[in-house]
Amino acid sequence: EASNMLNHQLSVDLQRQHDLTLADYEILVQLSEHPERRLRMSELADATLASRSRLTHQVDRLVKRGYVERQECELDRRGSFAALTDAGWKAIEAAAPDHVESVRAYLVDALGPAEFAALGDACAKITRTVRDSSTD
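The structure contained in this document is the topic of the report that follows. In this text, all values refer to a predicted model and were calculated from it rather than measured experimentally. (Residues numbered from 1 in each chain as written. Predicted model: local features only at pLDDT ≥ 70, side-chain atom pairs only at ≥ 80, totals over all residues. Heavy atoms only, no water.)

Description of the packing of helix H2 (residues 22–33) against helix H4 (residues 52–64)
- Close contact between H2 and H4 brings their axes to 10 Å; oriented N to C, the two are set at 80°. Judged on the interaxial angle alone, H4 and H2 are roughly perpendicular. Two secondary-structure elements touch here, H2 through Ala-23, Asp-24, Ile-27 and Leu-28 and H4 through Leu-55, Gln-58, Val-59, Arg-61 and Leu-62.
- Split by residue class, the contact of H2 with H4 holds six nonpolar, one polar and two charged. (Axes fitted to C-alpha atoms, helices over the stretch in contact; angles between N-to-C directions. Helix = DSSP H or I, 4+ residues; strand = E, 2+ residues; numbered from the N terminus. Parallel < 35°, antiparallel > 145°, perpendicular 65-115°, else oblique. Contact = heavy atoms within 4.5 Å. Nonpolar A, V, L, I, M, F, W, Y, C, P; charged D, E, K, R; others polar.)

Quick look at the structure:
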C-alpha cells in the first residue's frame, strides 16, 4: 500500500506541477542519463520495466509533446531509438527539483536516518530476491 500510495502521489505532483506522469518522467530521466541522450526502444522498455506496447504508447505521447523523437537504427532497420530533444531536456531540468522535493517530503523526511537506511537495505534485498528468481 505504501509503495502504491507513494508512486501515486509522486505522479499527482508531477502531473500538477509539470503535466508529466511518473512514467513520462522515468522515460525522460532514462534518456537524460544516457551519454547520447538516446536509447533503443527495447533497452528503454527494460530500463523502465514497461512492456514494449506500453512504452510505445508513452513515447508516442512524448513525441507529440516534442520531448522525444524517434530515430532509426542504422544497424538494424527493425529497431529504433527514442532520443531526448532539447525541449525534453528542459522539461526534465524543470521537473527534477520539484520531484526531488516530493520524494524528500513523502519519503526521506518521513523516516528517521536509521529507518531510511533500513528501508534501503530491505529494498536492496527485495531487488536481489526478485532478480534472482527471474533468472530461473
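Having seen the structure, we can now continue with the description.
Notes on the environment of His-8
- Position of His-8 relative to the elements: it lies in helix H1 (residues 2–18).
- Placed 87 residues apart in sequence, His-8 and Ala-95 show a C-alpha to C-alpha distance of 16 Å.

Keep in mind that these numbers describe shape and distance, not what the molecule does.
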